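Chain by chain, the residues run as shown.
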Amino acid sequence: MPRHWMVKSEPASYSWEQFTKDGHAAWTGVRNFQARNNLRAMKTGDIVLFYHSVTGKEVVGIAKVAREAYPDPTADEPGWDCVDLVPAKPLKKSVTLAAIKAAPALKDIALLKQSRLSVMPLTAEEYAVILKLAA
DNA sequence: GCCAACGTTGGC
DNA sequence: GCCAACGTTGGC
């Protein structure tokens, strides 16, 4: 069973549209220990929801882990890792932050509990509920 | 544009 | 080891 994750990106710096155009992305630039530890826990084939922060504030698509953690080439110091992601498919309907907040099943989601965390795990249930909201 | 939340840094 | 200062994130 693949595990489920969510990554955040400001569309102004890297959007889902750009990601799908690129066809893949090295998820670099994470400089937070907890987020890095989550990156390191990702396995090839794991499912990753792509969230647009600041502008949009909505989950827009599904990605997959194509390469597990390796040293982040953009880091000045050792100890920071990145993974490679590939787009799987866009959500039929994006799931807004407001919709997530309104869903009782998502009240404990890391997105709400730790608003500043940029790479977070999702439970299988949380993932299923978000997909349902996207239908 | 503002501000709350939070992580990091540095002085003690 | 504590805590104030500071910087950053991200929602509003």
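To be clear, the structure that these remarks concern was listed above.
None of these values were measured; they are calculated from a predicted model. (Residues numbered from 1 in each chain as written. Chains lettered and ligands numbered in written order. Predicted model: local features only at pLDDT ≥ 70, side-chain atom pairs only at ≥ 80, totals over all residues. Heavy atoms only, no water.)

Trainee: Mind laying out the overall build of chain A, listing which residues take part and the relevant values?
Mentor: Helix and strand counts for chain A stand at five helices and six strands. Counting from the amino terminus, helix and strand elements in chain A follow one another as β-α-β-α-β-β-β-α-α-β-α. For 135 residues, the compact-globule formula gives about 14 Å, and the C-alpha radius of gyration of chain A, at 14 Å, lands near that figure. Dimensions of chain A along its principal axes, counting C-alpha atoms only, are 40 × 30 × 30 Å. For chain A, with 135 residues in total, the buried portion stands at 44%. Taking contacts inside chain A between residues at least 6 apart in sequence as the whole, the part at least 24 apart equals 67%. (Helix = DSSP H or I, 4+ residues; strand = E, 2+ residues; numbered from the N terminus. Rg over C-alpha atoms; globule rule 2.2 N^0.38 Å. Buried < 20%, exposed > 50% of the residue type's maximum accessible area, 1.4 Å probe, protein only. Contact = heavy atoms within 4.5 Å.)

Trainee: Kindly report on the environment of D84, identifying the contributing residues and their values.
Mentor: With respect to the element layout, D84 can be found in strand 5 (residues 81-96). For D84 and H24, which are 60 residues apart along the polypeptide, the C-alpha to C-alpha distance reads 7.0 Å. Non-local contacts of D84, meaning those with residues more than four positions away in its chain, are made with A25, A26, K64, V65, A66, R67 and Y70. Side-chain polar atoms of D84 contact the side chain of Y70, separated by 2.5 Å. (Polar contact = N/O pair within 3.5 Å; in protein donor to acceptor, adjacent residues only side chain to side chain.)

Trainee: Which residues make up the protein's contact with DNA strand B, and what values go with them?
Mentor: Around DNA strand B lies a shell formed by N32, F33 and R116. Near-protein atoms of DNA strand B (within 4 Å) split between backbone and bases, with sugar and phosphate holding 36%. (Near = heavy atom within 4 Å.)

Trainee: I'd love a proper account of the side chain of S15, names of residues and values included.
Mentor: With respect to the element layout, S15 can be found in the loop between strand 1 (4-9) and helix 1 (16-22). On the basis of relative accessible area, S15 is assigned to the buried category, the value being 13%. Among the polar contacts listed, one links the side chain of S15 to the backbone nitrogen of Q18, at a separation of 3.1 Å.

Trainee: So, the environment of V95: which residues are in play, and what are the values?
Mentor: Position of V95 relative to the elements: it lies in strand 5. Note on V95: relative accessible area 1%, which makes it buried. It is 17 Å that separates the C-alpha atoms of V95 and A124, two residues lying 29 residues apart in sequence. Beyond its immediate sequence surroundings of up to four residues, V95 is in contact with K57, E58, V59, I100, I130, L133 and A134.

Trainee: Help me get a handle on the pattern of salt bridges, residues and values and all.
Mentor: Throughout the structure, instances matching the rule amount to four salt bridges. One salt bridge connects K107 with D108, and the closest N-O pair in it is separated by 3.2 Å. When its relative accessible area of 55% is taken as the criterion, K107 is described as exposed. Between K113 and D108 there is a salt bridge, and its shortest N-O distance comes to 2.8 Å. (Salt bridge = Lys/Arg side-chain N within 4 Å of Asp/Glu carboxyl O.)

Trainee: Which residues make up the packing of aromatic side chains, and what values do they have?
Mentor: Counted according to the given criterion, the structure contains seven aromatic pairs. When the centroid spacing of 5.4 Å and the interplanar angle of 20° are considered together, the rings of F19 and F50 count as stacked. A residue pair is termed long-range when its members are at least 10 positions apart, and F19 in helix 1 and F50 in strand 3 (residues 47-52) qualify at 31 residues. Residue placement shows R67 over the ring face of Y70; its charged tip is 3.6 Å from the ring centre. (Phe/Tyr/Trp six-rings, centres within 6.5 Å; stacked < 30°, edge-to-face > 60°. Lys NZ or Arg CZ within 6 Å of the ring centre and 35° of its normal.)

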